[in-house]
Amino acid sequence: MKIQRCTWSSTLVAACLLSSFALLSGCVNTTLQQVREADTGISADQTVVILGRKHIAREQTENFFVDCVTDKTSSGSKKVSVMSEQEFIDELFPWFEPRTAPSDIAALRNISNNEKIVEKMDEMGVRYIVWIEGTTQRTDQAGTVQCAVATGGIPACFGFLTWEASSNYEATIWDIESNVSAGKVSAESKGMSFVPAIIVPLPFIARTPSHACGEMSKQLKDFIAGE
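Rules and cut-offs
- Residues numbered from 1 in each chain as written.
- Predicted model: local features only at pLDDT ≥ 70, side-chain atom pairs only at ≥ 80, totals over all residues.
- Heavy atoms only, no water.
- Pairing = 2+ DSSP bridges.
- Helix = DSSP H or I, 4+ residues; strand = E, 2+ residues; numbered from the N terminus.
- Core = buried A, V, L, I, M, F, W, Y, C linked by side-chain atoms within 4.5 Å.
- Buried < 20%, exposed > 50% of the residue type's maximum accessible area, 1.4 Å probe, protein only.
- Contact = heavy atoms within 4.5 Å.
- pLDDT = per-residue confidence, 0-100.
- Patch = residues over 30% accessible without salt bridge, like charges linked within 9 Å, V, L, I, M, F, W, Y side chains within 5 Å.
- Areas by Shrake-Rupley, 256 points an atom, 1.4 Å probe, with all protein chains shown as cover.
- Salt bridge = Lys/Arg side-chain N within 4 Å of Asp/Glu carboxyl O.
- Phe/Tyr/Trp six-rings, centres within 6.5 Å; stacked < 30°, edge-to-face > 60°.
- Disulfide = S-S within 2.5 Å.
- Lys, Arg positive; Asp, Glu negative; His and termini not counted.
- Charge placed at Lys NZ, Arg CZ, Asp CG, Glu CD.

1. Overview of the pairing of strand β7 (residues 180-201)
Okay, so step 1: By the bridge criterion, 10 bridges tie strand β2 (residues 27-36) to β7 in an arrangement that is antiparallel. Note that in β7 the partner of V28 across the bridge is G191.
Okay, so step 2: Inspection of the sheet shows strand β6 (residues 155-175) paired to β7 by 19 bridges, in the antiparallel sense. Directly across from N168, in β7, lies its bridge partner E188.
Okay, so step 3: What sits between β6 and β7 in their antiparallel hairpin is a turn of four residues, with N179 showing a positive phi close to 55 degrees.

2. Quick notes on the nonpolar core
Okay, so step 1: Of all hydrophobic cores here, the largest spans 24 residues; its most connected members are V130, I132 and M216.
Okay, so step 2: Looking at this core, the elements that each hand over two or more residues are β3 (47-52), α2 (63-73), β5 (126-149), β6, β7 and α6 (208-225).
Okay, so step 3: What V130 contacts, discounting residues up to four positions off in sequence, is V48, V49, I50, L51, A171, T172, I173, L220 and I224.
Okay, so step 4: In terms of nonpolar packing, the next biggest core, distinct from the first, is built from 18 residues, F96, M121, V126 and W131 among them.

3. With respect to the confidence of the model for the protein chain
Okay, so step 1: For the protein chain, mean pLDDT is 84; residues scoring 70 or higher make up 86% of the total.
Okay, so step 2: Taken as a whole, residues 1-24 scores under 50 in pLDDT and shows 41 contacts with residues more than four places along the chain or in a different chain.

4. Some thoughts on a nonpolar patch on the surface
Okay, so step 1: Where nonpolar side chains cluster on the molecular surface, the patch consists of F158, I198, I199, V200 and L202 and spans about 490 Å² of accessible area.
Okay, so step 2: Looking at which element gives the most residues to the nonpolar patch, the answer is β7, with three residues.
Okay, so step 3: Looking at where I199 falls in the secondary structure, it is placed in strand β7.

5. Section: the environment of G76
Okay, so step 1: Its place among the elements puts G76 in the loop between α2 and β4 (82-83).
Okay, so step 2: Counting along the chain gives 142 residues from G76 to K218, while the straight-line C-alpha distance between them is 9.7 Å.

6. Details of the pattern of salt bridges
Okay, so step 1: Enumeration according to the criterion identifies nine salt bridges in this entry.
Okay, so step 2: A salt bridge links R53 to E133; its shortest N-O distance comes to 3.0 Å. Residue R53 is found in the loop between β3 and α2, and its partner E133 is found in strand β5; the two are separated by 80 residues along the sequence.
Okay, so step 3: Since its relative accessible area comes to 16%, E133 is described here as buried.

7. Some words on the packing of aromatic side chains
Okay, so step 1: One pass over the structure, following the stated rule, counts four aromatic pairs.
Okay, so step 2: Centroid distance F65 to Y169: 3.6 Å. Interplanar angle 5 degrees. Geometry classified as stacked. One end of the pair, F65, is in helix α2; the other, Y169, is in strand β6, and 104 residues separate them in sequence. The burial state of F65 is the same as that of Y169; both residues are buried.

8. Overview of the state of the cysteines
Disulfides are covalent bonds that connect the sulfur atoms of two cysteines.
Okay, so step 1: Overall, the coordinates contain two disulfides when judged by the stated rule.
Okay, so step 2: Across a sulfur-sulfur distance of 2.0 Å, C68 and C213 are joined as a disulfide pair. Torsion about the S-S bond of the C68 and C213 cystine: about -100 degrees, corresponding to left-handed handedness. On the criterion of sequence distance, the pair formed by C68 in helix α2 and C213 in helix α6 is long-range, its members being 145 residues apart.
Okay, so step 3: C213 gets classed as buried once you look at its relative accessible area, which sits at 0%.

9. Some points on a negative patch on the surface
Okay, so step 1: On the surface, E115, E119, D122 and E123 cluster together into a negatively charged patch.
Okay, so step 2: Locating D122 in the fold gives a position in helix α5 (residues 115-124).
Okay, so step 3: Judged by its relative accessible area of 61%, D122 is exposed.

Pasting the structure below:
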């Protein structure tokens, strides 16, 4: 499923510029995918934990993105109970610390086979672990904006700066009760930001992490509810 936020064309920069003066943001395209491998559902006394990849040997998922998904999944329409990542890590010390945290789904499966860990998560009411992998990357920067002090001591900037950003995240939903992967949801947001400057710079930022977070959270709430 693809959510079109702004039309991309051969006149991309011009189209983005015109639309963004009204929206005060850059253009963002978001693509969603979902794969279900097992039935899901959650009761009122059960909770979800949302974790980002933290293993020091691999590229880590940003804390701000995990926090965003946690906040949005635990609020609004169809919200579910979500335990904070830090509380979960503290309760299960040292298994989810950066040096010992699972680096992939196979390692998460191995941890889920540990009876002590499973018993502890059962006491905490944890039904699902949502394992998020991915990052936001900035690419293809072009142009410049230069500023100087004009006559009379007034600063002035001129130029045009653009760059692209891609926020690509995948979440695996691990069912603790059944000890299986229930499926995956993913959100990939791509966008172009630009800063036109005629005397005063006017930044129009494509907030790709925010778009990816919002769409992934909606998917997670529906997925966990079994919809």
